[in-house]
Amino acid sequence: MSNEKVDVVLVGAGIMSTTLGVFLKELQPHLRLEMIEQMPGEAQESSAAWNNAGTGHAANCELNYTPMRADGSIDIAKALEVNVEFDMSRQFWSYLIKKGAIASPDNFIHPVPHMSFVIGADRQAFLKKRHAAMSAHHCYHGMEYSEDHARIAEWAPLIMEGRDPKQPIAATRIVSGADVNYGQLTTNLLGYLKRQDKFTIHFSQTVTHLHRLPGGGWRVEVKNETTGEKRTIDTHYVFLGAGGAALTLLQKSGIPEAKGFAGFPVSGIWLRCGKPEVAERHAAKVYGMAAQGSPPMSVPHLDTRIIDGKRWLLFGPYAGFSTKFLKHGSLFDLPMSLRPDNLLPLLAVARDNFPLEEYLVGQVLQSKGHRFKALRDFYPNVKESDWEFDVAGQRVQIIRKDTAHTGKLEFGTEIVASADSSIVALLGASPGASTAVWIMVHMLENCFHEQLVGHWVPKLKEMIPSYGHNLKEDAALCARVRAETAEVLKLQVA
Ligand SMILES: Cc1cc2nc3c(=O)[nH]c(=O)nc-3n(C[C@H](O)[C@H](O)[C@H](O)COP(=O)(O)OP(=O)(O)OC[C@H]3O[C@@H](n4cnc5c(N)ncnc54)[C@H](O)[C@@H]3O)c2cc1C
């Protein structure tokens, strides 16, 4: 069996590993990086364009980031966090375009206004308050609100045509939103990595085992899926950017920090329409409100998508339950992840989240008619024959041990690292690809603190000029960063 030596092994060729790879190569160009991907190409799981919704999540339109407090006021704290996290992505992508690492923004990011749309007097009142709270903050400068049918029809004609003119509705709109093809972005980032020394990528190879080396670092076992050959790689650091399968590999590492974590997989289905006469008439990502008991990521939305130069409409996702951790994974993924340390948390979550399970099972059992009814709430005049179903990527939500006998279901992202930071895994899927840059910076701060403080900060500031400043508090800097990145990425300024 052959054995190689590198500095960092990146498992998976999705948006997370490629983003981290670029960061590491920019910060320390002589590092030897090896990326291992079990699929025959990059971005074939959640990062693929059709496997996610392509929203540049800046918490403009996703109502789950702005809950109502007990006193009826709207809490925008989480929205603001996500909003400025996306500014880090905008700066990092702009830096790469300006230095020629990525040729242009045209193949991966497009300006698409972000809208929230609600039906009913209660929801109207909620959206109005939300708009008042958000538009008062400089981060949401330029967000518009309307209850007027004619005005909303100017923003998004398809959602208004055929609607009862007396129906109480409301919408917000911000023009600075984006549609992002994260699959193409992954390809762009990988293209840049491939042009560098001391970087290798291996497709159709699976990381099967991880063993701690006595002197520090890891021995990574890899199987070639084409030839069946096995080899090992010795490395100082391992990043488990394996998407839903990161939990499986984390468990294989045997690090104590992995104990108590379990995964809750959520599958998804979209409806999509590529007819130019329909797709050309909608220019927005329109998010509604999640149904009672549904997970926040299952909020239905009617989205403009631009993929490989073609304009589409996407509606969904219709969330469901499947025991696979990856779209191309195995039905045994969930059962094989059960351990004495995560069984009780998982059962506790199952016990405490009955409405969610009921919702997911209900979604799986939905008929075609039910699915079109949900779309019709957004697009009353929909013609069913214009649309086709497509399977979305898998999301594995995190379950973590809370107290001895309870577990907590989380919808965010979690970085799990060994005490010596030699192995780091990324669990969870939300807000996802949009905040890959923030996630990686956060990871560098926590796991590579010494290198960061000692050497990397000046370079990091070159890549992300606002690094070290708080855009939530510095209105002038926020406006400047947005104007500069909008110009490079060809986005609108609100
Ligand atoms: C339905 C849906 C909608 C979404 N919508 C959005 C959105 O609108 N905006 C947004 O920002 N985010 C969205 N997301 C989240 C986003 O897609 C993910 O957060 C992101 O793509 C995760 O990237 P990743 O690199 O971690 O994982 P992935 O893209 O899944 O990549 C992981 C890779 O690891 C490989 N791998 C796994 N195990 C092994 C192994 N043992 N050996 C070798 N390779 C391995 C896999 O084959 C895969 O290629 C959505 C996700 C879903 C599922």
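Please read these numbers as outputs of a predicted model, since none were measured by experiment.

**Some remarks on the overall build of the chain**
- Summing up its helical and strand segments, the chain has 15 helices and 20 strands in all.
- Oriented by its inertia axes, the alpha-carbon framework of the chain measures out at about 70 × 50 × 45 Å.
- Residues classed as buried in the chain amount to 50% of the 494 residues present.
- Restricting the contact set of the chain to residue pairs at least 6 apart, pairs at least 24 apart contribute 75%.

**As for the packing of helix α2 (residues 77-98) against helix α13 (residues 436-447)**
- As a packed pair, α2 and α13 sit with axes 7 Å apart at the nearest point and diverge in direction by 95°. One element, α2, and the other, α13, form an angle in the roughly perpendicular class. Facing α2, whose interface residues are Glu85, Met88, Ser89 and Phe92, α13 presents Ala436, Val437, Trp438 and Val441.

**Brief notes about unusual backbone geometry**
- In the segment running from Gly316 into Pro317, the intervening peptide bond is cis, with an omega of -5°.
- Residue placement: Pro317 occurs in strand β15 (residues 310-321).
- Backbone geometry places Ala59, a non-glycine residue, at a positive phi of 55°.
- Within the secondary structure layout, Ala59 lies in the loop between β2 (33-36) and α2.
- Backbone geometry at Lys490 places phi at a positive 60°, although glycine is not the residue there.
- With respect to the element layout, Lys490 can be found in the segment after α15 (475-489).
- The exposure class of Lys490 is partly exposed, given the 14 C-beta atoms found within 10 Å.

**Some points on the site of the ligand**
- As a structural note, the neighbourhood of the ligand is formed by 42 residues, with Gly12, Gly14, Glu45, Gly243 and Gly432 the closest of them.
- Counting residues per element, the ones that place at least two in the shell around the ligand are α1 (15-27) and β9 (205-212).
- The dominant element in the shell around the ligand, judged by the number of residues it contributes, is α1, at three residues.
- When its residues are assigned to classes, the shell around the ligand shows 19 nonpolar, 20 polar and three charged.

**A word on the pairing of strand β4 (residues 114-119)**
- Judged by how many residues are buried, β4 sits mostly within the fold: five of six residues are covered.
- As judged from the six bridges shared by β4 and strand β6 (residues 169-174), these two strands associate in the antiparallel manner. Pairing of Ile119 across the sheet is with Ile169, part of β6.
- Note that β4 and strand β13 (residues 285-287) share three bridges and pair parallel. Bridge pairing links Ser116 to Tyr287 in β13.

Calculation criteria
Residues numbered from 1 in each chain as written. Predicted model: local features only at pLDDT ≥ 70, side-chain atom pairs only at ≥ 80, totals over all residues. Helix = DSSP H or I, 4+ residues; strand = E, 2+ residues; numbered from the N terminus. Buried ≥ 20, exposed ≤ 12 C-beta atoms within 10 Å, placed from the backbone. Contact = placed C-beta atoms within 7 Å. Axes fitted to C-alpha atoms, helices over the stretch in contact; angles between N-to-C directions. Parallel < 35°, antiparallel > 145°, perpendicular 65-115°, else oblique. Near = placed C-beta within 6 Å. Nonpolar A, V, L, I, M, F, W, Y, C, P; charged D, E, K, R; others polar. Pairing = 2+ DSSP bridges.

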